[in-house]
Amino acid sequence: MLEDTEWLSDFAFFTDLLCHMNNLNVKMQGKNQFIDDIWAHLKAFKLKLNLFSGQLAKNDLSQFSRLNSIPSVNEEKLKNYEDGLKKLHFEYERRFQDFSAIQTELDIFTMPFNVNCEAVRSYLQLELIELQSNNHLK
């Protein structure tokens, strides 16, 4: 198996991808993380998946060091990896759609000065206006 370049390519890609996913996992662990911190890590990872698939489409393996060490990776394999990353991105979108649904509520805590008061729930609007107009906080 270690002489089969097709198998080695698959193994290298999978190993590189698992390293990226492990980095996400480590970031999401730990104490004192708020939901908006976790959501920020997930959003960043989804952006990375788009970056990875776009780079693979251009035969750029810079984010996949182990795959890049394989002498000649088949163009069809790269297309399969690109498609797999797109599917993974779609799956992340689907699984974490609840976060997208509450994005405005999360923005109140992460960027309260950038939130449109009319876009939040009515019981928060008055308090948000007070917060945004406080010169000491700006």
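Here the structure is a predicted model, which means the values were calculated and not measured.

A. Local environment of the environment of Ala119. Within the secondary structure, Ala119 sits in the loop between α6 (103–110) and α7 (122–132). As a C-alpha pair, Ala119 and Asp98 span 21 residues in sequence and 18 Å in three-dimensional space.

B. Layout of the packing of aromatic side chains. Using the criterion set out here, one finds eight aromatic pairs in the structure. Consider the rings of Phe13 and Tyr81, whose centres lie 4.2 Å apart with planes at 5 degrees: the pair is stacked. Of this pair, Phe13 sits in helix α1 (residues 5–28) while Tyr81 sits in helix α4 (residues 75–95), and the two are 68 residues apart along the sequence. Pair check on accessibility: Phe13 and Tyr81 agree, each one buried.

C. Quick peek at α6. The set of residues buried in α6 consists of Gln103, Leu106, Asp107 and Ile108. Contacts made by the buried residues of α6 are with α2 (35–57), α5 (97–101) and α7.

D. Structural context of α4. Compared with an ideal rise of 1.5 Å per residue, which puts 21 residues at 30 Å, α4 spans 30 Å between its outermost C-alpha atoms and is within 8% of the ideal. For α4, every residue scored as buried is listed here: Lys77, Leu78, Tyr81, Glu82, Leu85, Leu88, His89 and Tyr92. All buried residues of α4 fall inside an arc of 140 degrees around its axis, so they share one side. Turned more than 90 degrees from where α4 packs its buried face, Glu76, Lys87 and Phe90 sit exposed. Contacts made by the buried residues of α4 are with α1, α2 and α3 (65–68). For α4, the capping residue at the N-terminal end is Asn74, with a side-chain oxygen 2.8 Å from the backbone nitrogen of Glu76.

Reading guide: rules and limits
Residues numbered from 1 in each chain as written. Predicted model: local features only at pLDDT ≥ 70, side-chain atom pairs only at ≥ 80, totals over all residues. Heavy atoms only, no water. Helix = DSSP H or I, 4+ residues; strand = E, 2+ residues; numbered from the N terminus. Phe/Tyr/Trp six-rings, centres within 6.5 Å; stacked < 30°, edge-to-face > 60°. Buried < 20%, exposed > 50% of the residue type's maximum accessible area, 1.4 Å probe, protein only. Contact = heavy atoms within 4.5 Å. Expected span 1.5 Å × (residues − 1). Arc of directions from axis to C-beta. Polar contact = N/O pair within 3.5 Å; in protein donor to acceptor, adjacent residues only side chain to side chain.

Such coordinate-based values are descriptive only and should not be taken to indicate function.
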